[in-house]
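The lines below spell out each chain.
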Amino acid sequence: MEAVHSILGTKARKALRFALDDWRHSDPSVDLLRNTNTSYDPATRYDAYLLAVNMTYMDAMMLDSIKTPRDFSDKNKQAFLAHHSTLITYWVAHRIVSEEVMQDRIRVLVKFIEVAILLQDQEFADYQSFVAVMSALGKSQVVRLRQTWETLEKTDPDLMAKYRTLLPLVDPGNGIYPQLVDLVMNGHHKHCVPFLGSFLTTFERSKVQAKKMKDK
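Residues numbered from 1 in each chain as written. Predicted model: local features only at pLDDT ≥ 70, side-chain atom pairs only at ≥ 80, totals over all residues. Heavy atoms only, no water.

The next thing to look at is the overall build of the chain. A tally of regular secondary structure across the chain gives 12 helices and zero strands. When the helices and strands of the chain are read in sequence order from the N terminus, they spell out α-α-α-α-α-α-α-α-α-α-α-α. Residues classed as buried in the chain amount to 45% of the 216 residues present. Across the chain, every contact between residues at least 6 apart in sequence was considered, and the portion connecting residues at least 24 apart equals 69%. A total of about 12000 Å² of accessible surface is found on the chain, and carbon and sulfur atoms cover 55% of it. (Helix = DSSP H or I, 4+ residues; strand = E, 2+ residues; numbered from the N terminus. Buried < 20%, exposed > 50% of the residue type's maximum accessible area, 1.4 Å probe, protein only. Contact = heavy atoms within 4.5 Å. Areas by Shrake-Rupley, 256 points an atom, 1.4 Å probe, with all protein chains shown as cover.)

And the structure:
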């Protein structure tokens, strides 16, 4: 795999340096995902592009820890990756539903839809965080905000149309998200962060099948 910094284009690297410098000078006790400091909230402080940059950088660093097929079987690494994605999902869902004023809620919802659109674009191709964000948008507590979604549909139909095109990508399809696997295997991007859930599922199934063949 390429060096982590080379995963991101020039524009993204500049944005990342800005974000890291800014976060480094913030309260060091701030947990960006758990949002323990409401006065320092990256969901409102930064735009969608900067959030996508940070997510991709973090995912690329974690992916870089997987060097060999044996690493895919490392339960500690699997748990770490799954935990990080789960934090992203619940943080995004929490930030949306915690807004009490509908216009503020719409602004946060729009930002995370834009983040999802960016993450699956060729510049980032970060399908790990893409699935995490899309999972948050599909959570029941977010989906049930019917008036919020209906208002967004009226005020920004183009964005909602783009969002709907993303939904097939997060269709589990026999547990391996086949459209995401196709994008990773046959896509034209120079780099990507795959959705590891698909590959872990495929890897485990191949091990089971190999064992069955060996036992015959």
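What follows picks up the thread again.
At a closest axis distance of 12 Å, the pairing of helix 7 (residues 127–137) and helix 11 (residues 178–186) adopts a crossing angle of 160°. Between helix 7 and helix 11, the angle falls in the class roughly antiparallel. For the element pair helix 7 and helix 11, the recorded crossing hand is right-handed. In contact with Tyr127, Phe130 and Val131 of helix 7, helix 11 contributes Leu180, Leu183 and Val184. A per-class count over the contact of helix 7 with helix 11 returns six nonpolar, no polar and no charged. (Axes fitted to C-alpha atoms, helices over the stretch in contact; angles between N-to-C directions. Parallel < 35°, antiparallel > 145°, perpendicular 65-115°, else oblique. Left-handed = near helix turned anticlockwise from the far one by under 90°. Nonpolar A, V, L, I, M, F, W, Y, C, P; charged D, E, K, R; others polar.)

Turning our attention to the confidence of the model for the chain. Looking at the chain as a whole, its pLDDT mean stands at 75, while 63% of the residues score no less than 70. The least confident element of the chain is helix 1 (residues 4–7), whose mean pLDDT is 42; the most confident is helix 9 (residues 146–155), at 97. In this model residues 1–8 is a low-confidence stretch, pLDDT under 50, and it forms 24 contacts with partners more than four residues away in sequence or in other chains. Overall, residues 23–39 carries pLDDT values under 50, and its contacts beyond four positions in sequence, including any with other chains, amount to 25 contacts. (pLDDT = per-residue confidence, 0-100.)

So, on to the pattern of salt bridges. Under the definition given, this model contains three salt bridges. With a shortest N-O distance of 3.0 Å, Glu99 and Arg95 are connected by a salt bridge. Neither Glu99 nor Arg95 differs from the other in exposure class; each is buried. We note a salt bridge from Arg107 to Asp104, for which the minimum N-O separation is 2.1 Å. Highlighted residues: Arg107 and Asp104, both in helix 6 (residues 102–119), separated by three residues, approximately one helical turn. What makes Arg107 exposed here is its relative accessible area of 52%. (Salt bridge = Lys/Arg side-chain N within 4 Å of Asp/Glu carboxyl O.)

Here helix 9 has its buried residues at Thr148, Trp149 and Leu152. Seen along its axis, helix 9 keeps its buried residues to an arc of 95°; they face one direction. The outward face of helix 9, more than 90 degrees from its buried face, is lined by the exposed residues Arg146, Gln147 and Lys154. Turning to helix 9, the residues buried within the fold contact helix 6, helix 7, helix 8 (140–143) and helix 10 (157–166). (Arc of directions from axis to C-beta.)

So, on to the packing of aromatic side chains. In this structure the tally under the stated criterion is three aromatic pairs. Ring centres of Tyr49 and Phe124 lie 5.4 Å apart, and the angle between their planes is 70°; on these two criteria the pair is classed as edge-to-face. Here Tyr49 is found in helix 4 (residues 48–63), whereas its partner Phe124 is found in the loop between helix 6 and helix 7, with 75 residues between them in sequence. The two residues Tyr49 and Phe124 agree in class, both being buried. Here the aromatic rings of Trp91 and Phe112 are separated by 5.5 Å at their centres, their planes lie at 85°, and the arrangement is edge-to-face. You can see Trp91 sitting in helix 5 (residues 75–97) and its partner Phe112 sitting in helix 6, a full 21 residues away along the chain. (Phe/Tyr/Trp six-rings, centres within 6.5 Å; stacked < 30°, edge-to-face > 60°.)

To continue, consider helix 10. Of the positions making up helix 10, those classed as buried are Leu159, Met160, Tyr163 and Leu166. Seen along its axis, helix 10 keeps its buried residues to an arc of 105°; they face one direction. For helix 10, the exposed residues lying more than 90 degrees away from the buried face are Asp158 and Thr165. Buried residues along helix 10 sit in contact with helix 6, helix 7 and helix 9.

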